[in-house]
Amino acid sequence: GPATGHRQSVGSALREAFGYNSFRLLMAGYFVCGFQVVFIGVHMPSYLKDKGLTPDVATTALALIGLFNVFGTYAAGVIGQRWPKRYLLSAIYILRSVAIVTFLTLPLTPWSVYVFASVMGVLWLSTVPPTNAVVAQIFGVKYLSMLGGFVFLSHQIGSFLGVWLGGKLYDLSGSYDVVWWIAVALGVFAAMVNLPVRESA
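For every chain, the first residue of the written sequence is number 1, and numbering continues from 1 along that sequence. This being a predicted model, a pLDDT of at least 70 is required before a residue's local features are given, and a value of 80 or more before pairs of side-chain atoms are given or counted; all residues contribute to the totals for chains, interfaces and linings. Derived side-chain values reflect all non-hydrogen atoms in the structure, with water molecules and hydrogen atoms excluded from consideration.

To continue, consider the overall build of the chain. To qualify as a helix, a DSSP run of H or I must reach at least 4 residues; to qualify as a strand, a run of E must reach at least 2; elements of each kind are numbered from the N terminus. In terms of regular secondary structure, the chain is built from 8 helices and 0 strands. Ordered by position in the sequence, the α and β elements of the chain form the string α-α-α-α-α-α-α-α. Two things to know: the radius of gyration comes from C-alpha atoms, and the globule rule equals 2.2 Å times the number of residues to the power 0.38. For 201 residues, the compact-globule estimate of 2.2 N^0.38 gives 17 Å, and the chain sits close to it at 18 Å. Seen along its three principal axes, the alpha-carbon backbone of the chain occupies a region of about 60 × 35 × 25 Å. Classification of residues uses two cut-offs on accessible area relative to the type maximum, computed with a 1.4 Å probe and protein chains only: under 20% is buried, over 50% is exposed, and between them is partly exposed. Each of the 201 residues in the chain was classed as buried or not, and the buried ones make up 45%. Contacts are assigned to residue pairs with any non-hydrogen atoms lying within 4.5 Å of each other. Looking at the chain alone, contacts between residues at least 24 apart form 85% of all its contacts between residues at least 6 apart. Accessible surface, the chain as shown: approximately 9700 Å² in total, 70% of it carbon and sulfur. Positive charges come from Lys and Arg alone, negative charges from Asp and Glu alone, with His and the N- and C-terminal ends not counted. The location of each charge is read from NZ of Lys, CZ of Arg, CG of Asp or CD of Glu. Once the 12 positive and 6 negative side-chain charges of the chain are each reduced to a mean point, those two points are 16 Å apart. Residue burial considers only the protein chains on display, and all accessible areas are found by Shrake-Rupley using a 1.4 Å probe.

This brings us to the packing of helix α6 (residues 128-139) against helix α7 (residues 144-173). Contact geometry of α6 with α7 gives a least axis separation of 10 Å together with a crossing angle of 130°. Put simply, α6 runs oblique to α7. You can see that α6 and α7 cross each other, and the crossing is right-handed. Across the interface between the two elements, Thr 131, Asn 132, Val 135, Ala 136 and Phe 139 from α6 touch Leu 144, Leu 147 and Val 151 from α7. Broken down by class, the residue content of the contact of α6 with α7 amounts to 6 nonpolar, 2 polar and no charged. Note on geometry: axes are C-alpha line fits, over the in-contact stretch for helices, and angles between N-to-C directions span 0 to 180 degrees. For classification purposes, angles smaller than 35 degrees are called roughly parallel, those larger than 145 roughly antiparallel, those between 65 and 115 roughly perpendicular, and all remaining angles oblique. Crossing handedness is defined as follows: a turn of the near helix away from the far one that is anticlockwise and smaller than a right angle gives a left-handed crossing, while the clockwise case is right-handed. Residues were grouped as follows: Ala, Val, Leu, Ile, Met, Phe, Trp, Tyr, Cys and Pro as nonpolar; Asp, Glu, Lys and Arg as charged; and all remaining residues, including Gly, as polar.

Here α7 crosses helix α8 (residues 177-194) at 145°, and the two axes come no closer than 8 Å. Counted together, Leu 165, Gly 166 and Leu 169 of α7 and Val 178, Val 179 and Ile 182 of α8 form the full contact between these two elements. Broken down by class, the residue content of the contact of α7 with α8 amounts to 5 nonpolar, 1 polar and no charged.

What tends to happen in soluble globular proteins is that the nonpolar side chains get buried as a cluster. Residues enter a nonpolar core if they are buried and are Ala, Val, Leu, Ile, Met, Phe, Trp, Tyr or Cys, with the set joined through side-chain atoms within 4.5 Å. Judged by nonpolar contacts, the single largest core of 55 residues is most densely connected at Phe 23, Ile 40, Met 44, Leu 48, Val 113, Phe 116 and Trp 180. When residues in this core are grouped by element, the largest group, 15 residues, is from helix α2 (residues 21-50). For Leu 48, the contacting residues outside a window of four places in its chain are Leu 53, Val 57, Ala 58, Phe 103, Leu 108 and Val 113.

Before going further, it helps to spend a moment on the packing of aromatic side chains. Between the rings of Phe, Tyr and Trp (Trp by its six-membered ring), a pair exists once the centres lie within 6.5 Å; its type follows the angle of the planes, with under 30 degrees stacked, over 60 edge-to-face, and the other angles tilted. Under the definition given, this model contains 15 aromatic pairs. Taking the centre distance of 5.1 Å and the plane angle of 80° together, the rings of Phe 39 and Trp 180 count as edge-to-face. Of the two residues, Phe 39 sits in helix α2 while Trp 180 sits in helix α8, which places them 141 residues apart along the sequence. Neither residue differs from the other here; Phe 39 and Trp 180 are each classed as buried. Between Tyr 47 and Trp 180, the ring centres sit 5.2 Å apart and the planes meet at 65°, which makes this aromatic pair edge-to-face. On the criterion of sequence distance, the pair formed by Tyr 47 in helix α2 and Trp 180 in helix α8 is long-range, its members being 133 residues apart.

See the structure below:
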């Protein structure tokens, strides 16, 4: 199986990974992760300014994301050793969508921003430990850094689109609303595509 192929070439490892449905699903999920976190990280300050909040609210929000990210990533590593990682990943993505919908529908105040930032912080990079662990479980550790790199490339493409689309649609519509809702829809999509991931070869 994939985990035991000691003399496997790089090309063969890549062909095997991309031929494996679970690997493609993980990449799709990570694309969404990149889209969401970088859209929020880059555009949230402008969104809050547009809504009449002061710059210090955005600064505090980004600091809270960073702080709670530490707890979230650690917790995901611990929980991922006990629960099926596909369920953990699906839960993270669906909770992000719930958090964004709640944030968009409640009245916007500094405290609603801080609570949203803290919740998103917990969910921020908590996708990383379970995603890398699944790649390692399926394919072994020999090519983990290379395969992890491809998964992360998908994350970066999502990141680029999140930033670019955020700016583009804002220029066209004068609002970030459409991109927020795209982020919500993508979260639901990512939650669904992670469910069929098989965690072994």
